[in-house]
Structures are given as C-alpha cells and as structure tokens.
Amino acid sequence: MIIEANGIPFLLNYLIAIIVSIVVALVLGLPLLPDKPKRFSWVNSAIYPTPIIALGLLAILFALKIVWIYNGLVLAIVIGILSALFVKYLFYYVFPNPPGVNEGDKNSLEEDNA
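The structure displayed is predicted, hence computed values, not measured ones.

## Looking at the overall build of the protein
Okay, so step 1: From N to C terminus, the protein includes 5 helices and 0 strands.
Okay, so step 2: Going residue by residue from the N terminus, the α and β elements of the protein occur as α-α-α-α-α.
Okay, so step 3: Burial statistics for the protein: of 114 residues in total, 27% are counted as buried.
Okay, so step 4: Relative to all contacts within the protein whose residues are 6 or more apart in sequence, the contacts with residues 24 or more apart total 63%.

Structure, rendered in structure tokens:
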C-alpha cells in the first residue's frame, strides 16, 4: 500500500480518533473534566487521558505502516472506541493510583501538602 506524502488524511484521522474517543467516553459515563482541584486530581475524564491514549496508539500503528481500509479512517474510529473502553474499565488495573491516594478521597492530597 502506498502512503501519500500529503499529511492531511493523517491529521483528519487523528482528529477523528480524538472526537470518537471523547464522545464514547462521555457515553460510557466518564466526566468531561476531572474533579477540582484539577492539578491534584487522579480521576480519569473524557478530556484526559482518553484522547492522548487514542493519539498514541494511532501514531504507533501509523509508524508501523498499519493503515487499514479507507486510509486509516476505520482504524481511527476503532482506536477511539478502544481507548475510551480502556480508560473506563482497565486504566486503574494497568496504572494504579499512587501510594497514599485513595480513589474518591479528595482530602488525602490536601492533608499531605499541609
């Protein structure tokens, strides 16, 4: 398969992966933004880390020259869906919370910083 030198299809695929991952994450019930204070929040959201994981996986597949049908459009949609499912159901198994942080306990970090 010949890959064109024009980068527009790849940029469109990245944008589609971002949009699909955010929409699917919102449908699955992830919040749009993390809890406040955002700087110390360990809660997953639709904005972070869902599209970042989708972009990373899509970039790895494009670097390996794995471009499925329709110049990667279907691949971008599948990666967007899989990244949202990963963040919703498997993220805390692969990347557990840091020591001393309980899930849902907002005051634990504030007590450590005081």
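## Points about the packing of aromatic side chains
Okay, so step 1: The tally for this structure, following the rule as stated, stands at 5 aromatic pairs.
Okay, so step 2: Of the aromatic side chains, those joined through ring pairs into one cluster are Phe86, Phe91, Tyr92 and Phe95.

## Describing the side chain of Asn44
Okay, so step 1: With respect to the helices and strands, Asn44 occurs in the loop between helix H1 (8-28) and helix H2 (50-63).
Okay, so step 2: Since its relative accessible area comes to 7%, Asn44 is described here as buried.
Okay, so step 3: If sequence neighbours within four positions are ignored, Asn44 has contacts with Leu30, Pro31, Pro49, Val87, Phe91 and Tyr92.

## Some details on H2
Okay, so step 1: Between the first and last C-alpha of H2 there are 20 Å, a value that for 14 residues agrees with the 20 Å anticipated at 1.5 Å per step.
Okay, so step 2: Those residues of H2 lying buried are Thr50, Pro51, Ile53, Ala54, Leu58 and Phe62. Buried residues in H2, looked at end-on, bunch into an arc of 165°, giving them a common side.

## Side note on the environment of Tyr48
Okay, so step 1: With respect to the element layout, Tyr48 can be found in the loop between H1 and H2.
Okay, so step 2: Sequence separation of Tyr48 and Val87 is 39 residues, and the distance between their C-alpha atoms is 9.4 Å.

## A closer look at helix H3 (residues 73-89)
Okay, so step 1: Across its 17 residues, H3 extends 25 Å between first and last C-alpha, which sits within 8% of the 24 Å expected from 1.5 Å per residue.
Okay, so step 2: For H3, the complete set of buried residues consists of Leu75, Ala76, Ile79, Gly80, Ser83, Ala84 and Val87. Along H3, the residues classed as buried sweep out an arc of 165° about the axis, all on the same side.
Okay, so step 3: Residues of H3 that are buried make contact with H1, H2 and helix H4 (91-94).

## Looking at the side chain of Ser21
Okay, so step 1: Mapped onto the elements of the fold, Ser21 is located in helix H1.
Okay, so step 2: If sequence neighbours within four positions are ignored, Ser21 has contacts with Thr50, Pro51, Ala54, Gly80, Ser83 and Ala84.

## A word on the packing of H2 against H3
Okay, so step 1: Running from N to C, H2 and H3 point in directions that differ by 135°, and their axes come no closer than 8 Å. Classified by the angle between their axes, H2 and H3 sit oblique to one another. Crossing hand, H2 versus H3: right-handed. Taken together, the residues of H3 that come into contact with H2 (itself represented by Thr50, Ile53, Ala54, Leu57, Leu58, Leu61 and Phe62) are Leu75, Ala76, Ile79, Gly80, Ser83, Ala84, Phe86 and Val87.
Okay, so step 2: Looking at side-chain class alone, the contact of H2 with H3 contains 12 nonpolar, 3 polar and no charged residues.

Conventions adopted
- Every chain is numbered on its own, with residues counted from 1 as its sequence reads.
- In keeping with the predicted nature of the model, local features appear solely for residues at pLDDT of at least 70, side-chain atom pairs appear and are counted solely at 80 or more, and the whole-chain, interface and lining totals rest on all residues.
- Based on all heavy atoms of the structure, the side-chain values leave hydrogens and waters out of the count.
- Helix and strand assignments come from DSSP, with helices taken as H or I runs of at least 4 residues and strands as E runs of at least 2, each series counted from the N terminus.
- Note on classification: 1.4 Å probe, protein chains only; a residue is buried when its accessible area is under 20% of the maximum for its type, exposed when over 50%, partly exposed between these limits.
- It only takes one pair of heavy atoms within 4.5 Å for two residues to be counted as in contact.
- Between rings of Phe, Tyr and Trp, where Trp is taken as its six-membered ring, a pair exists when centres lie within 6.5 Å; planes separated by under 30 degrees are stacked, by over 60 edge-to-face, and by other angles tilted.
- By this rule, a helix spans an expected 1.5 Å times one less than how many residues it contains.
- Relevant arc is that of directions from the helix axis to the C-beta atoms, nothing else.
- Helix axes are fitted to C-alpha atoms over the stretch in contact, other axes to C-alpha atoms as well, and angles between N-to-C directions run from 0 to 180 degrees.
- In this scheme, roughly parallel covers angles under 35 degrees and roughly antiparallel covers those over 145, while 65 to 115 is roughly perpendicular and the rest are oblique.
- By definition, any crossing whose near helix is turned counterclockwise from its far helix by less than a right angle is left-handed, and any crossing with a clockwise turn is right-handed.
- Classification convention: Asp, Glu, Lys, Arg as charged; Ala, Val, Leu, Ile, Met, Phe, Trp, Tyr, Cys, Pro as nonpolar; all other residues, Gly among them, as polar.

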